[in-house]
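Fold and contact review
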Amino acid sequence: MSDLPFHLHRSLGYQVTMLARVIERRFEQRIAEFGLTRVMWCVLLAAGKEGLTAPSEIAGFIGIDRTAASRTLRQMEARGFITRSSGALDGRSIQVRLTPGGQAALAEVLPIAQENAAYFEAKLTGQELAHLRAAAAKLLEDEPRIVAKL
C-alpha cells in the first residue's frame, strides 16, 4: 500500500465516472424532448438495431438487471414505444417489438446519439481515441460485467 495521499479528483475511477456522467447527461438532455431516457434509448437500439426480443437479452445487452429492464419496458409500453407479447411456443416467454412510434423515435434520436459521440471524440486526435479505446478494453479485460440496478 502506498504512503502517498489519495487524491479523489486524480483517481482513475473518479475521472472515468465523471466523464461517463458528462457524456450521459449531455445526451439525456437532448433526448428528453422525445420522452426517452438513456436506458430507453438503449432498449430501442437493442430491439430495433440488434434484433433482440427477449427482455433478458435486452437487459444483458444494456448491462442492467432484469428488474430494471422490466420496469423500463413497462414505461416504454405505456408511452407507446414498444409492445410486449407472449412467445409463440409456450406462451410464457415475452417478446418485445418496437411500435411505429418506437421506430420513429429510434430514427429521430440516432443522429443525436451519433452527434453526441462525435462531439466528445472530436476532442481527441485519432491516435488518442485509439489509445483510449485500447486502454479501456485492457482495463475491462477479465473483469466481470457489473449489472446495474437503475
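Check the entry above for the structure.
Residues numbered from 1 in each chain as written. Predicted model: local features only at pLDDT ≥ 70, side-chain atom pairs only at ≥ 80, totals over all residues. Heavy atoms only, no water.

So, the pattern of salt bridges
- In this structure the tally under the stated criterion is six salt bridges.
- A salt bridge links Arg84 to Glu77, with the shortest nitrogen-to-oxygen separation between them at 3.0 Å.
- According to the relative accessible area criterion, Arg84 is partly exposed, its value standing at 29%.
- For Arg133, the salt bridge goes to Glu121, with nearest N and O atoms at 2.7 Å. Residue Arg133 is found in helix α6 (residues 126-140), and its partner Glu121 is found in helix α5 (residues 100-121); the two are separated by twelve residues along the sequence.
- Counted as one network, the salt bridges with shared partners bring together Glu24, Glu28 and Arg38. (Salt bridge = Lys/Arg side-chain N within 4 Å of Asp/Glu carboxyl O. Buried < 20%, exposed > 50% of the residue type's maximum accessible area, 1.4 Å probe, protein only. Helix = DSSP H or I, 4+ residues; strand = E, 2+ residues; numbered from the N terminus.)

Regarding the side chain of Asn116
- One can find Asn116 in helix α5.
- Residue classification places Asn116 among the buried residues on the basis of a relative accessible area of 4%.

Focus: the nonpolar core
- Counting residues in each nonpolar core, the largest one holds 29 residues, and the members touching the most others are Leu36, Trp41 and Leu44.
- Among the secondary structure elements, those contributing two or more residues to this core are α1 (12-31), α2 (38-48), α3 (55-62), α4 (66-78), β2 (94-98) and α5.
- With eight residues, α2 is the largest single contributor of residues to this core.
- Among residues more than four places away in sequence, those in contact with Trp41 are Phe27, Ile31, Leu106, Val109, Leu110 and Ala113. (Core = buried A, V, L, I, M, F, W, Y, C linked by side-chain atoms within 4.5 Å. Contact = heavy atoms within 4.5 Å.)

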